[in-house]
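Chain and residue survey
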Amino acid sequence: MPIPFRHKPQTPARRRALRILTALAGSGLLAACAGPEVRDYAAERPLLDLRQYFNGTVDAWGVFTDRSGKVVKRFTVVMDCRWEGDRGVLDEAFTYADGSTQRRIWRLVRHADGRYTGSADDVVGSAEGEASGNAFNWRYTLALPVDGRVWEVQFDDWMYLMDERVMLNKAVMSKWGIRLGEVTLSFLKRSAS
């Protein structure tokens, strides 16, 4: 036999306590939905200096996975990177598993406050990024050709320096706030000859 539910009368103190609990629960849910911030990695080592890491030749291997997690593209990248002061060029040559190729040339600027901005021919507007500790977060809109049309998709791109030669990269691609897929890359900086 079910136990009858006993309703307690709503006193002003009880209503106030319920409002506080509801507000705390709501703020906790909102905090849980918020993503990491680059400053969360300030204490992580080794320190990532983009000007140092992306200087010389860097090789990368990557996959693009759709929303379900299925790998839909595999690729390699050879990057020719150079800096003059606070201005850098990252010349990326992509080769896809199907034999197709693509090239993207990033032009980067490091600002006095530690932020980075960047541009490339297929980037809409300006890319904005910030480094802290071993991490770099980079956000931009890419004009992506899909089935004869061009879609403007947003990237939330995270890089994590593992040691002086290895860096891991994970980027979430979305449109209208809907997650379309992810790009995962492993970078390896070539040793100086």
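Keep in mind it's a predicted model, so treat the numbers as computed, not measured.

With that settled, consider the overall build of the protein. Assigned secondary structure in the protein consists of two helices and ten strands. Its helices and strands in sequence order give the protein the pattern α-α-β-β-β-β-β-β-β-β-β-β, from N to C terminus. Buried residues in the protein amount to 33% of all 193 residues. If you sum the accessible surface of the protein, you get close to 12600 Å²; carbon and sulfur atoms cover 57% of it.

Let's shift gears to the packing of aromatic side chains. Two numbers describe a pair of aromatic rings. These are the distance of the centres and the angle of the planes. Evaluated as defined, the whole model comprises 15 aromatic pairs. Look at Tyr 41 and Trp 158: their rings are 5.8 Å apart centre to centre, the planes differ by 65°, and that puts the pair in the edge-to-face class. Taken as a pair, Tyr 41 in the loop between helix H1 (12-33) and helix H2 (50-53) and Trp 158 in strand E8 (residues 149-161) lie far apart in primary sequence, 117 residues in all. Under the relative-accessibility criterion, Trp 158 is labelled buried at 8%. Between Phe 54 and Phe 187, the aromatic rings sit 5.7 Å apart at their centres with planes inclined by 85°, giving edge-to-face as the arrangement. Placement of Phe 54 in the loop between H2 and strand E1 (56-66) and of Phe 187 in strand E10 (residues 178-189) is noted, with a sequence separation of 133 residues between them. Across the pair, Phe 187 and Phe 54 agree in class, each one buried. Ring pairing ties together the aromatic residues Trp 83, Trp 106, Tyr 116, Phe 136, Trp 138, Tyr 140 and Phe 155, which thus form one cluster. Between Lys 73 and the ring centre of Tyr 96, over which it is positioned, the NZ or CZ distance is 4.9 Å. Lys 175 extends its terminal NZ or CZ atom over the ring of Trp 176, reaching a point 4.3 Å from the ring centre.

Turning to the pattern of salt bridges, a few remarks are in order. Evaluation of the coordinates by the stated rule reveals 15 salt bridges. The residue Asp 113 makes a salt bridge to Arg 115 at a minimum N-O spacing of 2.9 Å. Classification of Asp 113 by relative accessible area gives exposed; the value is 53%. Relative accessible area serves as the criterion here: at 31%, Arg 115 is assigned to the partly exposed category. We note a salt bridge from Lys 170 to Glu 182, for which the minimum N-O separation is 3.6 Å. Placement of Lys 170 in strand E9 (residues 166-175) and of Glu 182 in strand E10 is noted, with a sequence separation of twelve residues between them. Residue classification places Lys 170 among the partly exposed positions, given a relative accessible area of 43%.

Okay, the side chain of Lys 189 next. For Lys 189, the location among the structural elements is in strand E10. Within the structure, Lys 189 has its side chain in polar contact with the backbone oxygen of Asn 55 (distance 2.9 Å).

Our next topic: the pairing of strand E3 (residues 87-96). With ten bridges connecting them, strand E2 (residues 71-84) and E3 associate as antiparallel partners. Residue Met 79 lies in a different strand from E3, and its bridge partner there is Glu 92. Between the antiparallel neighbours E2 and E3 lie two residues, among them Gly 85 with a positive phi of about 65°. By the bridge criterion, nine bridges tie E3 to strand E4 (residues 101-110) in an arrangement that is antiparallel. In the strand pairing of E4, Ala 93 is matched with Arg 103.

The next thing to look at is unusual backbone geometry. A cis amide bond links Arg 45 with the next residue in sequence, Pro 46, at an omega value of 5°. In this fold, Pro 46 is placed in the loop between H1 and H2. The phi dihedral of Asp 147 falls on the positive side, at around 50°, and the residue is not glycine. By the secondary structure assignment, Asp 147 is in the loop between strand E7 (135-146) and E8.

Rules used in this analysis
- Residues numbered from 1 in each chain as written.
- Predicted model: local features only at pLDDT ≥ 70, side-chain atom pairs only at ≥ 80, totals over all residues.
- Heavy atoms only, no water.
- Helix = DSSP H or I, 4+ residues; strand = E, 2+ residues; numbered from the N terminus.
- Buried < 20%, exposed > 50% of the residue type's maximum accessible area, 1.4 Å probe, protein only.
- Areas by Shrake-Rupley, 256 points an atom, 1.4 Å probe, with all protein chains shown as cover.
- Phe/Tyr/Trp six-rings, centres within 6.5 Å; stacked < 30°, edge-to-face > 60°.
- Lys NZ or Arg CZ within 6 Å of the ring centre and 35° of its normal.
- Salt bridge = Lys/Arg side-chain N within 4 Å of Asp/Glu carboxyl O.
- Polar contact = N/O pair within 3.5 Å; in protein donor to acceptor, adjacent residues only side chain to side chain.
- Pairing = 2+ DSSP bridges.

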